[in-house]
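# Remarks on the overall topology
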Amino acid sequence: MSVSKIDQVPLLDLKAQYSTIREEIEPVVREVMESQYFILGPKVKAFEERVAEYCHTRYALGVSSGTDALIIALMALDIRPGDEVITTAYSFFATAGSISRLNATPVFVDIDPVTFNIDPAEIESKITSKTKAIIAVHLYGQSADMDPILQVAQKHRLKVIEDAAQAIGTEYTNGRRAGSMGDIGCFSFFPSKNLGGFGDGGMVTTSDAALYEKLTFLRNHGAHPKYYHKMIGGNFRLDALQAAVLDVKLNHLDDWTAGRQKNAAYYNEQIAARGLDKWIRTPHAVDGYRHIYNQYILRCERRDDLLQFIKDRNIGSEIYYPVTFNNQECFADLGYKNGDFPKAEQAAAETLAIPIYPELTRAQQDYVLDAFEAFYK
Ligand SMILES: *Cc1c(COP(=O)(O)O)cnc(C)c1O
């Protein structure tokens, strides 16, 4: 038998994952089609209960996307026009965009350059009489340093939202799971997340019964009972089809996470063994946390040249994210300038994501590592 030579590695290979679970997925999708019950309903309810258990919260509520999870969370916490919400300068756009969508003002904070997460020490100086909440992001699948964030929030009576879109199953110290530490946790089931649906989807988690009830109303236009509205919500509902697929995938999530961790360990070891650590810094997994590696992020010398070099060798790679929030055109009226968040800006200029998905083979990882050697040596 001939061994085919590897000549490309995608950043993510969803077909490879699907081929391992096709037989489990097809019957549940067929079941939803036969039932013709598409919005919320028993499939969504059952999946919500499992996610709540998985995230160590009392409640979970399926919503239409991770972005909508953030928006409904801010609405449930009564964030109003003119309120300020503190968050990181460095994340996926939705983290900051959701704040602006409610006509509240995002207030940015620089990152810890080692973890890429918000630097808790820089939060307190940004608090004003208008500050109402903090959105902490668990970027790339590693928890933000939550204890000092929760302490400063408590001291100033601020609400805390966790943007756990990249962090389902992520743990902070003492096994505390992402989505269980703040007032509300926000998750995304976008296909490229560790638990990805067959389309858009999301979840909010909380252990506060009153908040859960309010989130439930807001998800369906604020109606309670049906057709009676004390508040204005929206259509933030999750499809039964997505819940059915995600419920099957949840059974595999811990194995997939273990696969990602194993792949990360191999890159870490090989980058050191091949002497590539002279030019490349591997991601720092904080001792005692559980990093689920939604992304494996390197800090590289001559990043842009390297990116082009590996793209030419058909290696999937992406910059998460090339522009910090202070430098986004749509936030120009917030009054920030380039240079305001030097650590986030440096990360935006130096980092690179490489393939880390669980189905990745050793041979594929070696192909990536060989390309690094060819570039730097
Ligand atoms: C993906 C993501 C979101 C948005 O989730 P969608 O489901 O795509 O709307 C929000 N925040 C972060 C950090 C994300 O990675």
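Located above this text is the structure these notes cover.
Remember, it's a predicted structure, so these values are computed and weren't measured experimentally.

## Concerning the packing of aromatic side chains
- Counted under the stated rule, the structure contains 20 aromatic pairs.
- Among the aromatic side chains, those forming a connected cluster through ring pairs are Phe-93, Phe-108, Phe-325, Phe-331, Tyr-336 and Phe-341.
- The aromatic ring of Tyr-266 is capped on one face by Arg-362, whose charged end is 3.9 Å from the ring centroid.

## Let's talk about the packing of helix α3 (residues 66–76) against helix α4 (residues 93–101)
- The geometry of α3 relative to α4 is characterised by a closest axis approach of 9 Å and an angle of 40° between their N-to-C directions. Judged by the inter-axis angle, α3 sits oblique to α4. When the axes of α3 and α4 are compared, the crossing they make is right-handed. On the side of α3, the interface is formed by Thr-67, Leu-70, Ile-71 and Leu-74, while α4 contributes Ala-94, Thr-95, Ser-98, Ile-99 and Arg-101.

## Details of the sheet that holds strand β3 (residues 105–109)
- The sheet built from 7 strands is open, its strands ordered β1-β7-β6-β5-β4-β2-β3 with mixed pairing. Whereas interior strands pair on both sides, the edge strands pair on one side only; in this sheet they are β1 (59–63) and β3. Pairs of neighbouring strands in the sheet enclose a mean axial angle of 25°, with direction left out of account.
- In the sheet, strand β6 (residues 184–188) pairs with strand β7 (residues 202–206) via 4 bridges, with the strands oriented antiparallel. Across the sheet, the residue bridging to Gly-185 is Thr-205, located in β7.

## Here we look at the pattern of salt bridges
- Inspection of every chain in the model, using the stated rule, returns 20 salt bridges.
- The partner of Glu-122 in a salt bridge is Lys-343, with the nearest N and O atoms 3.1 Å apart. Of this pair, Glu-122 sits in the loop between β3 and β4 (131–137) while Lys-343 sits in helix α10 (residues 342–350), and the two are 221 residues apart along the sequence.
- Of the charged contacts, one joins Arg-176 and Asp-147 as a salt bridge, the two residues approaching to 2.9 Å between their closest N and O atoms.

## Some words on helix α2 (residues 42–54)
- Taking 1.5 Å as the rise per residue, α2 with 13 residues should run 18 Å; its terminal C-alpha atoms sit 18 Å apart, in good agreement.
- Three or more residues of α2 are buried, namely Val-44, Phe-47, Glu-48, Val-51, Ala-52 and Tyr-54. Down the axis of α2, the smallest arc covering the buried residues is 155°, so these residues share one side. In α2, the exposed positions that point more than 90 degrees away from the buried face belong to Pro-42, Glu-49 and Glu-53.
- Packed against the buried residues of α2 are β1, β7, α6 (209–219), α7 (240–250) and α8 (253–273).
- Trailing α2 by a residue or two, His-56 shows a phi angle of about 60°, which is positive.

## Considerations on the site of the ligand
- Neighbouring the ligand are 15 residues; Gly-66, Thr-67, Gln-166, Ser-188 and Lys-193 lie closest to it.
- One of the side-chain N or O atoms of Ser-188 is found 2.6 Å from an oxygen atom in the ligand.
- Lys-193 is positioned with one of its side-chain polar atoms (N or O) 2.6 Å from an oxygen atom of the ligand.
- Contact with the protein chains hides 93% of the accessible area of the ligand, taken as 380 Å² for the molecule alone.
- Secondary structure elements with two or more residues in the shell around the ligand: α3 and α4.
- Within the shell around the ligand, the residues separate by chemical class into 5 nonpolar, 8 polar and 2 charged.

Cut-off values and rules
Residues numbered from 1 in each chain as written. Predicted model: local features only at pLDDT ≥ 70, side-chain atom pairs only at ≥ 80, totals over all residues. Heavy atoms only, no water. Phe/Tyr/Trp six-rings, centres within 6.5 Å; stacked < 30°, edge-to-face > 60°. Lys NZ or Arg CZ within 6 Å of the ring centre and 35° of its normal. Axes fitted to C-alpha atoms, helices over the stretch in contact; angles between N-to-C directions. Helix = DSSP H or I, 4+ residues; strand = E, 2+ residues; numbered from the N terminus. Parallel < 35°, antiparallel > 145°, perpendicular 65-115°, else oblique. Left-handed = near helix turned anticlockwise from the far one by under 90°. Contact = heavy atoms within 4.5 Å. Pairing = 2+ DSSP bridges. Salt bridge = Lys/Arg side-chain N within 4 Å of Asp/Glu carboxyl O. Expected span 1.5 Å × (residues − 1). Buried < 20%, exposed > 50% of the residue type's maximum accessible area, 1.4 Å probe, protein only. Arc of directions from axis to C-beta. Near = heavy atom within 4 Å. Polar contact = N/O pair within 3.5 Å; in protein donor to acceptor, adjacent residues only side chain to side chain. Areas by Shrake-Rupley, 256 points an atom, 1.4 Å probe, with all protein chains shown as cover. Nonpolar A, V, L, I, M, F, W, Y, C, P; charged D, E, K, R; others polar.

The analysis is restricted to geometry; functional conclusions fall outside its scope.
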